[in-house]
Amino acid sequence: MSHSIALRLAAMFALATLLVFGLISFALHHVLEKALDHHQIEQITTKYQMMEYMISRVHSADHWDRVTDKLDSMSPANGSTRYWVWSEDQRFRYGKEIPEVAAALHGPTGLGEIAQPGRTDPMKIEVGDIPANEERPAVRFIVGIDSAPYFNTRNSFRLALLVLSTVGALVVTAFGLMIARLGLKPLTKLSQEAGEVSPKNLSQRLQLQQLPTELTQLGAAFNGALDRLESAYQQLEAFNADVTHELRTPLANLIGQTQVALSRERTAPQLVEVLQSNLEELERLRAIVNDMLFLSRADQGERASRLTQVSIAAEVNKTVEFLDYIMDEAGVSVRVQGDAEAQIETSLFRRAVTNLLHNAIQHTQAKAEIVVDVSAEAELGVRIAVSNPGDAIPTEHLPRLFDRFYRVDSARAKSWESHGLGLSIVKAIAEMHNGSVFALSRDGFNVIGFCVMTAEVQK
Ligand SMILES: Nc1ncnc2c1ncn2[C@@H]1O[C@H](COP(=O)(O)OP(=O)(O)OP(=O)(O)O)[C@@H](O)[C@H]1O
Ligand SMILES: [Mg+2]
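A quick note: this is a predicted structure, and the numbers were derived from the prediction, not measured.

Participant: I'd love a proper account of a negative patch on the surface, names of residues and values included.
Facilitator: A cluster of acidic residues, D62, D65, D69 and D72, forms a negative patch on the protein surface. Checked against the element boundaries, D62 lands in helix α2 (residues 61-74). Residue classification places D62 among the exposed positions, given a relative accessible area of 67%.

Participant: So what about the site of ligand 1? Which residues, and what values?
Facilitator: Among the 18 residues in the neighbourhood of ligand 1, the closest are listed as N359, S418, G420, L421 and L423. With respect to ligand 1, the backbone of H419 contributes an N or O atom lying 3.2 Å from an oxygen atom. One of the backbone N or O atoms of G422 is found 3.0 Å from an oxygen atom in ligand 1. Within the complex, the protein chains bury 91% of what would otherwise be the 590 Å² of accessible surface of ligand 1. Class assignment for the residues of the shell around ligand 1 results in eight nonpolar, eight polar and two charged.

Participant: Can you break down the pattern of salt bridges residue by residue, with the values?
Facilitator: Taken as a whole, this structure holds 19 salt bridges when the rule is applied. The shortest N-O distance in the salt bridge between D121 and R119 comes to 3.1 Å. Note on D121: relative accessible area 8%, which makes it buried. Residues E345 and R306 are paired through a salt bridge, measuring 3.1 Å at the closest nitrogen-oxygen approach.

Participant: I'd like a rundown of the packing of aromatic side chains, residues and numbers included.
Facilitator: One pass over the full model with this rule turns up four aromatic pairs. Their ring planes at 75 degrees and their centres at 5.4 Å tell us that W64 and F92 sit as a pair that is edge-to-face. In this pair, W64 is assigned in helix α2 and F92 in the loop between β1 (81-86) and α3 (99-106), connecting sequence segments 28 residues apart. Aromatic pair Y83 and F141: ring centres 6.2 Å apart, planes at 5 degrees, arrangement stacked. In this pair, Y83 is assigned in strand β1 and F141 in strand β4 (residues 139-146), connecting sequence segments 58 residues apart. Per residue, the accessibility class of Y83 equals that of F141, and both read buried. Put simply, the rings of Y48, Y83 and F141 pair up and form one aromatic cluster.

Participant: Tell me about the pairing of strand β9 (residues 381-389), and please be specific about residues and values.
Facilitator: The element β9 is largely enclosed, with a buried count of nine among its nine residues. As defined by bridge partners, strand β8 (residues 369-377) adjoins β9 across seven bridges and the pair is classed as antiparallel. Pairing of E377 across the sheet is with G381, part of β9. Between β8 and the antiparallel strand that follows it, β9, lie three residues. Taken together, the eight bridges between β9 and strand β11 (residues 445-452) define a ladder with antiparallel strand orientation. By the bridge assignment, S387 is partnered in β11 with V447.

Rules used in this analysis
- Residues numbered from 1 in each chain as written.
- Chains lettered and ligands numbered in written order.
- Predicted model: local features only at pLDDT ≥ 70, side-chain atom pairs only at ≥ 80, totals over all residues.
- Heavy atoms only, no water.
- Patch = residues over 30% accessible without salt bridge, like charges linked within 9 Å, V, L, I, M, F, W, Y side chains within 5 Å.
- Areas by Shrake-Rupley, 256 points an atom, 1.4 Å probe, with all protein chains shown as cover.
- Salt bridge = Lys/Arg side-chain N within 4 Å of Asp/Glu carboxyl O.
- Lys, Arg positive; Asp, Glu negative; His and termini not counted.
- Charge placed at Lys NZ, Arg CZ, Asp CG, Glu CD.
- Helix = DSSP H or I, 4+ residues; strand = E, 2+ residues; numbered from the N terminus.
- Buried < 20%, exposed > 50% of the residue type's maximum accessible area, 1.4 Å probe, protein only.
- Near = heavy atom within 4 Å.
- Polar contact = N/O pair within 3.5 Å; in protein donor to acceptor, adjacent residues only side chain to side chain.
- Nonpolar A, V, L, I, M, F, W, Y, C, P; charged D, E, K, R; others polar.
- Phe/Tyr/Trp six-rings, centres within 6.5 Å; stacked < 30°, edge-to-face > 60°.
- Pairing = 2+ DSSP bridges.

Take a look at the structure:
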């Protein structure tokens, strides 16, 4: 189920408003109730005290009429204020007796309530005894006031509070929704921008300066992901271009040679020769494809496994032995100096050293001495540097030597002998060992090599 943040925020605003309004309403209601009660008591007590004074001074039946007249004049026709006087003596009584008041005539004195026939609101009463005075016996005096106006005030106030709270909550919800939508606008914009990214405009990035702080982290993470995607994509595209470019010529050659061979009658030995030459080229093609597959596996993050702790100088020496024949042919010699131990995958390591030595042999004069220097470096791990006397490599080429298919001498690029993949494989192997590569050219020597991380350095 998908949730809308805006809706959820609005609902939370509404809930908070209801809670606050509810609390305020409760408090207001309580205050009003108290004030109304107080007012009612004040009113009834004033009326009671006024008449109590008058009744207490009456001491004969002759004077009682004055009391009844006064009480009559003070009882409004709508019955909102009523008076009762009761005594043992028939002559000193007042008020139409209703069954509801009967209990109050003999019950306790003080403030109280009695029900009114046919109405829901009660009548507030004050009951008191006025002591006898000469001929007049002790009387019970009751004042009752109708609490309907208070009841109504309270009820309409309650209704008003309820309506106001509800309307308030609704208004806040609507505003909350609007505000939340407004606040979330940058998010909508962000998703729109993100939605526009495609392989055609992979270099497009989200505009972080315009984002609110809460979203910059998300935006930056997204841009970071795009950076990585873009570089992977570019690598892939470059790789595709390289493959097409590098394989097209040899394939065209193979097809051409085969077509020429087929163009007229050939003797069996001639055909064998063509097939042999084709086979050689096919094997070179296979070598390129294998190298490229190796590089693309390395690109995908393949690491050196089957690590063994060995003496690097010893490994280099073993590799040199394999190249004995080629070195003799080229008339060069190799000297290995220094040593250090490291954990390496030996087959990969030898492949890298072979590539470096091949290059050195190719680019040095006869009778030259190639030196392989092995040393342990503080932060780089074990460094293997292959140096050979030779023409200086122009500085601008040095950083690019390890690029795929990169050859300093573009004339050689056409040559079948060189694919320009040797050093990129060295670099891949160094990276598979968490290491790095380097190339320098100085004082008539070209020094190219790589480092492999030792377990200690990695810690
Ligand atoms: N020792 C060296 N001295 C001078 N130039 C070198 C040396 N090693 C490499 N280079 C230059 O670096 C380029 C790239 O070398 P790399 O080994 O990657 O390719 P390659 O030797 O041309 O072909 P491959 O090794 O695939 O057969 C070479 O073409 C060469 O121009
Ligand atoms: Mg090479």
